[in-house]
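Coordinates in review
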Amino acid sequence: MSTTSFTKKTVGIDAVEPAVTPPPPGTETTLAKKPKLGATKSKKREIPEGLWTKCPKCSTMIFDRELDENLKVCVKCSHHFPISARERINSLVETCSFEEMDAQMVSVDVLQFTGVASYSDKLASYQKSTALKDAIITGLGKIGGHRVALGVMDFEFIGGSMGAVVGEKLTRLIEIATERGFPIIIISASGGARMYEGMFSLMQMAKTCGALALHSRARLPYISVLTHPTTAGVMASYASVGDLIIAEPGATIGFAGPRVIKDTTQAELPPGFQTAEFLLDHGLIDAIVPRKEMKERLAYYLEFLGEGQSKLAALG
Ligand SMILES: [Zn+2]
């Protein structure tokens, strides 16, 4: 500042002013953009990170902000990109209606498992990179006019694998829902059971299904939403026992991988095997719902199932 006023006095305002005055905002943007465009031209494959994303299906370059605004769905071909659990919850529940449960629950390395890295280190690094404590967020919220118990998995956290924390958080959620008479919606995205927790992860399959059986006995609805990918231990437990099972377009859904099935059965697998579309045709799922219609459709299903519930109650 002092240098500026000194120069002004000695050299003359007009000559020096442009050099010390910051360029107007418009000019700044143009100047900042130019070198980036140049850089992209010279190195064809280098795309500035965090600005653009290439759609793996149609190869369109999509501006990240546009992709976020479109709930991570390609604007051109409707390819569904992965979406974080928090973004998913925000896209579904009414504003400020979500009360998270067991937010601080973390896994313990009971088996002292060590592979390339120790399980404890792995947990710590994923907790840091995803800002999550484990692969699921659970809580109570409102969709349309309906109070629901909502569990949303996040594939970014160790492949959405189900360990003791995922199982315990879900079980507590289901139990609260049964106690209070709420429907349950679980949105799955998982590679299956978390092998770092061995038998403890496999036990979660029975535990969650046991809790769901009690919820079902109370004649309360459960909607299972399968997103890309929902496989193995999760698909073989709570994800496949919904009163309604719906999926996002193009989601991979299955138990074992295609290679294992092919080797075991020694049979050629049909095209499109293990996709949501194939499973809809073969009756494993009830509907395919695009992400942008998900909230509206869930509210509709809740309304529909709720009506049935009150009719049942009236019948005694
Ligand atoms: Zn696309």
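Residues numbered from 1 in each chain as written. Predicted model: local features only at pLDDT ≥ 70, side-chain atom pairs only at ≥ 80, totals over all residues. Heavy atoms only, no water.

Side note on the packing of helix 7 (residues 164-180) against helix 8 (residues 198-217)
Two elements in contact, helix 7 and helix 8, have axes whose closest approach is 9 Å; the angle formed by their N-to-C orientations is 5°. By the angle between their axes, helix 7 is roughly parallel relative to helix 8. Along its contact with helix 7, which presents A164, G167, E168, L170, T171, I174, A177 and T178, the element helix 8 presents Q204, K207, T208, A211, L212, L214 and H215. Residues belonging to the contact of helix 7 with helix 8 are distributed by class as follows: seven nonpolar, six polar and two charged. (Axes fitted to C-alpha atoms, helices over the stretch in contact; angles between N-to-C directions. Helix = DSSP H or I, 4+ residues; strand = E, 2+ residues; numbered from the N terminus. Parallel < 35°, antiparallel > 145°, perpendicular 65-115°, else oblique. Contact = heavy atoms within 4.5 Å. Nonpolar A, V, L, I, M, F, W, Y, C, P; charged D, E, K, R; others polar.)

Some remarks on helix 6 (residues 119-130)
Look at helix 6: 16 Å from first C-alpha to last across 12 residues, which is about the 16 Å you get at 1.5 Å a residue. Buried within helix 6 are the following residues: Y119, L123 and T130. In an axial view of helix 6, the angular spread of the buried residues amounts to 55°, which keeps them on one side of the axis. In this structure, helix 6 carries D121, K128 and S129 as exposed residues pointing more than 90 degrees from its buried face. After helix 6 finishes, the residue A131 shows a positive phi value of roughly 60°. (Expected span 1.5 Å × (residues − 1). Buried < 20%, exposed > 50% of the residue type's maximum accessible area, 1.4 Å probe, protein only. Arc of directions from axis to C-beta.)

Comments concerning the confidence of the model for the protein
With 83% of its residues at a pLDDT of 70 or more, the protein has an overall mean of 86. Predicted confidence is poor over residues 1-24, with pLDDT under 50, and the contacts of this stretch with residues over four places away or in other chains come to seven contacts. Throughout residues 26-33 the model reports pLDDT below 50, and contacts reaching past four residues in sequence, or to other chains, amount to one contact. (pLDDT = per-residue confidence, 0-100.)

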